[in-house]
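An overview of the molecular structure
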Amino acid sequence: MIRLFLSHFYILVFLLSFSVYSQDNTDSTSKPSNTTESESESELMNEKPNSNEAEKSQETVNKPKAIQEEVGITVKAKKDTDRDFLKETEGTNIYSGKKNEVIRVDKLDANLALNNTRQVYSKVPGLTIWENEGSGIQPGIGARGLSPNRNWEFNTRMNGYDIASDSFGYPEAYFNPPMEAIERVEIVRGAGALQYGPQFGGLVNYVLKKPKIGKEIQVETKNTGGSYNTMNSYTSVSGTVGNFSYFAFAHGRSSDGWRDNSNYLTQTGHFHIAYQATEKLKIAIEFSKSHYESKQPGGLTDQQFWANPRQSGRDRNWFSAPWNVPSMIVDYEQSATARFNLKVFGLYGERNSVGFTSAPNVEDKINSQTLQYGARQIDRDWYRNVGVEARQIFDYKLFDKTHTLSFGTRYFNGNTDRIRNPNGSTGNKFDVRETNLNNLCYDGTKNCRIVDLDFSTLNYAGFVENLFRITDKLSITPGVRYEWLKSTASGRINERQPTARNLIGGTVPPQEIVKRQLLYGVGGQYQVTKTTNFYTNYSRAFRPVIYSELYAPSGTVNDIDPNLKDQTGYNLDGGYRGNIDEWLQFDLGVFELRYNDRVGLLPGRIEGQNNLRTNVGDSLHRGVEAYLEVDPILALFDSAPFGSVSFFTSSANVNARYVKWEDPRIITDVANALDYYRVGKTVENAPSQIHRYGLTYKYKKKFSISYLISDIGKAYSDALNTTLQTANGQIGIIPSYIVRDVTFVWNFTENLSLRGGVNNLGNEKYFTRRAGGYPGPGILPGDGIFYFVGLSATF
């Protein structure tokens, strides 16, 4: 019934949109934007109206922002939306013709205290979310059938600069800023590859809150309690003193966790200070620091999960990732039509895990002779990155039209040190001391590190995009990006002495790869009415094969194909988006994503042979993405004295399948060739049905309550689409599930509010991931029912 209701909405949107076309047609000119560059990539520097407000006609400029009732006057309500679109240009960037979403986090009815991802991104269609992180510490989203593993198919940024471990070699995001500190999240789909980097998924940019203007000091505090002894505290201070402005926050959260052995403690701090040197020049310095220790309950077999998903067979597994991100941002407005932005940023971080990493059907037990547990495996990374990005945008006249040119350059230098030692401590506390390491030990004993590697990534890049306004309605934006990349690796794997058969022992000889890649794309946008437009975009993408990805932490040591090719492909999408008055907002689109030469693992062909990491094939992802939100009260009435009700659906149908498969066993083992053939199989971790539905009631600005349904289809954990689960829980179907959430916000005054709700209201038993390694291996359950309530105050 719900999906039938959705199809009727599609028809309704198009009919209504074109019915207002004749009324709005004469004023639908697309005009250049003269907004000032922000401290984030789009608007940390100055408060700007959202894209819907920017398109309003002059007659609405002086209308109040909320329902106001005066004697003899009735004013139609204005929607205070929590979802928006980026304008055609913002800051130094061009977004015309690109599919994008803006989530206004501070407007959401959501469990922000726990960074609840499915609630925060509920109105972004097509996102796959891994929900095994009930702590909210690490993000895990993917789009259009791509892997959600710690956002690694996205270019993840905060205020416009990198926060992931390595944008190329190991682009996992171990740092997730607290949602209570975020003003908005910007998502630009695959077309973001030309401006930000070559990732297939596009961009995710967290924009933090801004300094309070017109006040020397403002304090905001939020304190939340919840199930399983969860305590969350957030406090920020901000203000403006003369030419200086500042914003800083401190955040902490601890919990026993829903599962056994899943307690954690996370602490995050951030400060931002800016100096307005002149009317045109602004300089800001920022620093973010995060530290957490999270106990990992490990994975489960299918039998263990269905018996009791809260159980854990691992009492000694831990994860920690200290993260330090400094940055400097310079904004210079040369004129009303020209702006320059410079970002200098760094990352000094670690990834630390320690534990017993065997399959869940292998018991972690005490040795009968030593009366102690066995030694735990230690995996550690150290990241030291520095980067610089410079961007310029300006408007110019050509053939009586105003056009916009944006261009920029990037420098990045990343260094990663990686070690693994199976001889950690035998206790159950977080401890990464290598108790049995004897300096540089190459004698073949178990006292040695089995991995000790150094990587580096050097990257130079440049891009240029031009927004050509062909007519008052039609614009076209072509662009190109050039990437130069050097990757190096050296060190040792499986420490052992050289032999006649293996002359270099465990040594990885110094290696170097240099890559050059030219990306290109073109987008188009046609303004149908003042507030709706058609958009389309095609852009190339690539993911280079470099060493720090090949020797990933916590994975099995594998053989590597010396002829590995880079992963290349494209994103193609198009749709119709906008809003009708204040009562209907929509974005209906289709997409095609091609992912060539995917890198994967092929099992050894004979007993005892290592797995082979090589290019395994190509995948093609096609689908439909739809977001619709309607407020019937605002549609039918000029005022809403008893509040308004809005309904939304955020849905996607995704068909992600392998169209090419390269496995030499198809030829060498003809009798079992079908066992190795994957063409036509569904891409792993890519559900075909992703639907989220919501209902929100709002009474003025006093009270709101939201009900969210997440209805996610089944997925497969492997490229063979195995339906019969393995004994260790790592392979098998990921079943479909439906999870329901309720959240509310009650504003007692403008400065005092209560927020609460229930996550997983029906206590659904579900999981979104079968892990092949850490933090599993095995099934990683999603959290069950969770209650929370919190008080917020501003003064």
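Below, the structure is looked at part by part. (Residues numbered from 1 in each chain as written. Predicted model: local features only at pLDDT ≥ 70, side-chain atom pairs only at ≥ 80, totals over all residues. Heavy atoms only, no water.)

Our focus in this paragraph is the overall build of the chain. Broken down by element type, the chain carries nine helices and 40 strands. Across the 795 residues that make up the chain, the buried fraction comes to 58%. Total accessible area on the chain stands at roughly 31,600 Å², and carbon and sulfur atoms take up 56% of it. (Helix = DSSP H or I, 4+ residues; strand = E, 2+ residues; numbered from the N terminus. Buried < 20%, exposed > 50% of the residue type's maximum accessible area, 1.4 Å probe, protein only. Areas by Shrake-Rupley, 256 points an atom, 1.4 Å probe, with all protein chains shown as cover.)

Read across the open sheet, the six strands follow the order β3-β6-β11-β12-β9-β10; overall the sheet is mixed. The strands lining the two open edges of the sheet, one partner per strand, are β3 (83-84) and β10 (161-162). Looking at chain direction, strand β6 (residues 100-103) and strand β11 (residues 182-188) are connected through four bridges and run antiparallel. Note on β11: the bridge partner recorded for Glu 101 is Ile 187. (Pairing = 2+ DSSP bridges.)

With that out of the way, let us pick up the pairing of strand β33 (residues 703-712). Regular strands have side chains that alternate between both faces of the sheet. Within β33, seven of the ten residues are buried, leaving the element largely enclosed by the surrounding structure. Pairing geometry for strand β32 (residues 689-699) and β33, over ten bridges, is antiparallel. Across the sheet, the residue bridging to Tyr 699 is Phe 703, located in β33. Pairing between β33 and strand β36 (residues 737-749): ten bridges, direction antiparallel. What sits directly across from Ser 710, in β36, is Val 739.

For the rest of this paragraph, the subject is a nonpolar patch on the surface. A cluster of nonpolar side chains, namely Phe 244, Phe 271, Ile 273, Tyr 275, Ile 283, Ile 285 and Met 328, defines an oily patch on the protein surface of about 570 Å² accessible area. Top contributing element to the nonpolar patch by residue count: strand β16 (residues 264-276), with three residues. For Met 328, the location among the structural elements is in strand β19 (residues 323-335). Taking the relative accessible area as the measure of exposure, Met 328 reaches 32% and is therefore partly exposed. (Patch = residues over 30% accessible without salt bridge, like charges linked within 9 Å, V, L, I, M, F, W, Y side chains within 5 Å. Salt bridge = Lys/Arg side-chain N within 4 Å of Asp/Glu carboxyl O.)

Moving on to the pattern of salt bridges. Across all of its chains, the model carries 43 salt bridges by this definition. Its salt-bridge partner being Glu 101, residue Lys 99 comes within 3.8 Å of it at the nearest N-O pair. Here Lys 99 matches Glu 101 in class, with each residue buried. Salt-bridge contacts for Arg 144 lead to Asp 573; the nearest nitrogen and oxygen are separated by 3.2 Å. Note that Arg 144 is positioned in the loop between β8 (141-143) and β9 (154-158) and Asp 573 in strand β28 (residues 567-580), a separation of 429 residues in sequence. Asp 573 shares its class with Arg 144; the two are buried. A network of salt bridges, in which partner residues are shared, links Arg 83, Lys 99, Glu 101, Arg 144, Arg 189, Asp 573, Asp 587 and Glu 625.

Along strand β20 (residues 338-355), 13 of the 18 residues are buried, which leaves the element largely enclosed by surrounding structure. Bridge count for strand β18 (residues 318-320) against β20 is three bridges, and the pairing is antiparallel. Its bridge partner being in β20, Trp 318 is matched across the sheet by Val 354. Where β19 and β20 come together, ten bridges link them in antiparallel fashion.

Our next topic: unusual backbone geometry. In the segment running from Tyr 774 into Pro 775, the intervening peptide bond is cis, with an omega of 10°. With respect to the helices and strands, Pro 775 occurs in the loop between β38 (767-771) and β39 (778-781). Looking along the chain, the bond that leaves Gly 776 and enters Pro 777 is cis, with omega of 0°. Along the chain, Pro 777 turns up in the loop between β38 and β39. For Asn 115, which is not glycine, the phi torsion reads 50° and is therefore positive. Of note, Asn 115 is situated in the loop between β6 and α4 (117-120). On the basis of relative accessibility, which here comes to 3%, the residue Asn 115 falls in the buried class.

Right, let's talk about the environment of Asn 751 for a bit. Mapping Asn 751 onto the fold places it in the loop between β36 and β37 (752-759). Overall, the relative accessible area of 41% leaves Asn 751 in the partly exposed class. Considering only alpha carbons, one finds Asn 751 and Glu 220, 531 residues apart in sequence, at a separation of 8.9 Å. The residues touching Asn 751, leaving out its near neighbours within four places in the chain, are Ser 792, Ala 793 and Thr 794. (Contact = heavy atoms within 4.5 Å.)

We now examine the packing of aromatic side chains. Tallied over the entire structure, the rule returns 26 aromatic pairs. Look at Phe 394 and Tyr 396: their rings are 6.2 Å apart centre to centre, the planes differ by 55°, and that puts the pair in the tilted class. Classification of Phe 394 by relative accessible area gives partly exposed; the value is 26%. The class of Tyr 396 is partly exposed, set by a relative accessible area of 22%. (Phe/Tyr/Trp six-rings, centres within 6.5 Å; stacked < 30°, edge-to-face > 60°.)

Grouped together as the largest cluster of nonpolar side chains are 44 residues, with contacts concentrated most on Tyr 121, Val 185 and Tyr 206. Leave out the neighbours within four places in its chain, and Val 185 touches Glu 101, Val 102, Ile 103, Val 105, Tyr 121, Val 204, Asn 205 and Tyr 206. Core analysis: the next-biggest nonpolar cluster, separate from the first, contains 16 residues, Leu 602, Val 683, Val 739 and Tyr 766 among them. (Core = buried A, V, L, I, M, F, W, Y, C linked by side-chain atoms within 4.5 Å.)

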